[in-house]
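Given next are the chains, with one letter for each unit.
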Amino acid sequence: MKSQPFKGLQAVIPVIMTIALSACAKEIPERIGYTSVNALSQPYFEAALNIFDRIERVRAVMVDNELEPEEEGRDANFFCNPLVLNGKSLDYADFGLQSKGALSLVEGCPETPEAKKVPFRIFLRRNGVPVSSEYSDTNREVFEIEISDMLSQAKPGDYLVIVPARKSDWKAKRIIWLQGC
């Protein structure tokens with residue numbers, strides 16, 4: 001069974017935030033005309049719950065990346081999320097079958113101009129077997145791909161597998177479970 005370090009925090013942090021915001025805001029209602037401190041803290045409480053929902057969504061779509069460590073590339077500089085969609089770090093919580101844009105794999109900080117695109121292979125895996133189609137090809141190497149073309153051939157429950165073309169970039173391998181949203 002996987003350990004879930006955030007499980008206990010999910011229940012505690014919103015309560016702590018509400019208490020802290022209520023304590024900090026106790027003089028504010030008189031100055032701005034609010035009758036309830038809870039009315040002030042409610043948006044923050046809802047934002048905290050939204051954050052935990054997004055964390056759960058990310059955990060659901062990120063799969064063990066099946067890394068195959070090699071001595072070569074051990075010191076490669078890949079961030080925890082080396083995927084870039086439309087020039088920004090890929091947001092796993094919002095990524096799904098309807099996603100669109102140019103997807104690339106980068107070495108270094110993804111949101112800086114110094115980020116270097118890395119060649120990769122991208123394919124769909126269905127029922128443990130790679131899907132072979134026009135866009136899903138285990139042998140084709142790309143630096144960037146229009147992800148909507150790939151996802152148009154995907155079905156809910158498929159996995160999107162992104163494998164760096166060079167062995168030295170093994171740390172950047174990513175597998176994303178496509179849930180259908």
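Helix and strand content of the protein: 4 helices and 10 strands. Taken from the N to the C terminus, the helices and strands of the protein come in the order α-α-α-β-β-β-β-β-β-β-β-α-β-β. Of all 181 residues assigned to the protein, the portion counted as buried reaches 36%. For the protein, the proportion of contacts with a sequence separation of at least 24, taken over those separated by at least 6, is 60%. Carbon and sulfur atoms make up 55% of the accessible area of the protein, which totals about 10,900 Å².

A few words now on the nonpolar core. Core analysis: the largest hydrophobic core is formed by 25 residues, its most contacted members being Phe95, Ile122, Ile147, Leu160, Ile162, Ile176 and Leu178. Sorting the residues of this core by element identifies β1 (83-85), β3 (102-107), β5 (120-126), α4 (147-151) and β9 (159-164) as the ones contributing at least two each. Ignoring sequence-local partners within four residues, the contact set of Leu160 consists of Phe95, Ile122, Phe123, Leu124, Ile147, Met150, Arg174, Ile175, Ile176 and Leu178.

On to the pattern of salt bridges, then. Taken as a whole and assessed by the stated rule, the structure comprises 4 salt bridges. With its nearest N and O atoms 2.7 Å apart, the salt bridge here joins Arg126 to Asp158. In this pair, Arg126 is assigned in strand β5 and Asp158 in the loop between α4 and β9, connecting sequence segments 32 residues apart. With relative accessibility at 22%, the residue Arg126 sits in the partly exposed group.

Aromatic ring pairs are defined here through the distance separating the ring centres and the angle between the ring planes. Scanning the entire structure with this criterion turns up 0 aromatic pairs. Over the face of the ring belonging to Tyr159 we find Arg125, whose NZ or CZ atom lies 6.0 Å from the ring centre.

This part takes up the confidence of the model for the protein. For the protein, the average pLDDT comes to 75, and 56% of its residues sit at 70 or higher. By mean pLDDT, helix α2 (residues 28-32) is the weakest element of the protein at 51, and strand β8 (residues 144-146) is the strongest at 94. Taken together, the stretch residues 1-6 has pLDDT below 50 and engages in 1 contact with residues farther than four places along the chain or on a different chain.

This part takes up the side chain of Ser104. Tracing the chain through its elements places Ser104 in strand β3. With near-sequence residues (within four places) excluded, Ser104 lies in contact with Pro82, Leu83, Val84, Lys117, Phe120, Phe143 and Glu144.

So, about the pairing of β9. Judged from the 6 bridges that link them, β5 and β9 form a sheet pairing that is antiparallel. By the bridge assignment, Arg125 is partnered in β9 with Tyr159. The pairing of β9 with strand β10 (residues 174-177) spans 4 bridges and is antiparallel. In the sheet register, Ile162 faces β10, and the bridge partner there is Arg174.

All right, on to unusual backbone geometry then. Positive phi, close to 55 degrees, is recorded for Asn86, a residue that is not glycine. Residue Asn127 is not a glycine yet carries a positive backbone phi of 55 degrees. Looking at the secondary structure, you find Asn127 in the loop between β5 and β6 (129-130).

With that settled, the discussion passes to the environment of Cys109. By the secondary structure assignment, Cys109 is in the loop between β3 and β4 (116-117). Look at Cys109 and you get partly exposed, because its relative accessible area is 30%. Distance from Cys109 to Ser89, taken between C-alpha atoms, is 9.2 Å for residues 20 residues apart in sequence.

Right, let's get into the side chain of Asp158. The buried category is assigned to Asp158, whose relative accessible area is 2%. Here the side chain of Asp158 touches Arg126 through a polar contact of 2.7 Å, side chain to side chain. With residues up to four places along the chain from it excluded, the contact list for Asp158 reads Leu124, Arg125, Arg126, Gln153, Ile176, Trp177 and Leu178.

Rules of the game
- Residues numbered from 1 in each chain as written.
- Predicted model: local features only at pLDDT ≥ 70, side-chain atom pairs only at ≥ 80, totals over all residues.
- Heavy atoms only, no water.
- Helix = DSSP H or I, 4+ residues; strand = E, 2+ residues; numbered from the N terminus.
- Buried < 20%, exposed > 50% of the residue type's maximum accessible area, 1.4 Å probe, protein only.
- Contact = heavy atoms within 4.5 Å.
- Areas by Shrake-Rupley, 256 points an atom, 1.4 Å probe, with all protein chains shown as cover.
- Core = buried A, V, L, I, M, F, W, Y, C linked by side-chain atoms within 4.5 Å.
- Salt bridge = Lys/Arg side-chain N within 4 Å of Asp/Glu carboxyl O.
- Phe/Tyr/Trp six-rings, centres within 6.5 Å; stacked < 30°, edge-to-face > 60°.
- Lys NZ or Arg CZ within 6 Å of the ring centre and 35° of its normal.
- pLDDT = per-residue confidence, 0-100.
- Pairing = 2+ DSSP bridges.
- Polar contact = N/O pair within 3.5 Å; in protein donor to acceptor, adjacent residues only side chain to side chain.

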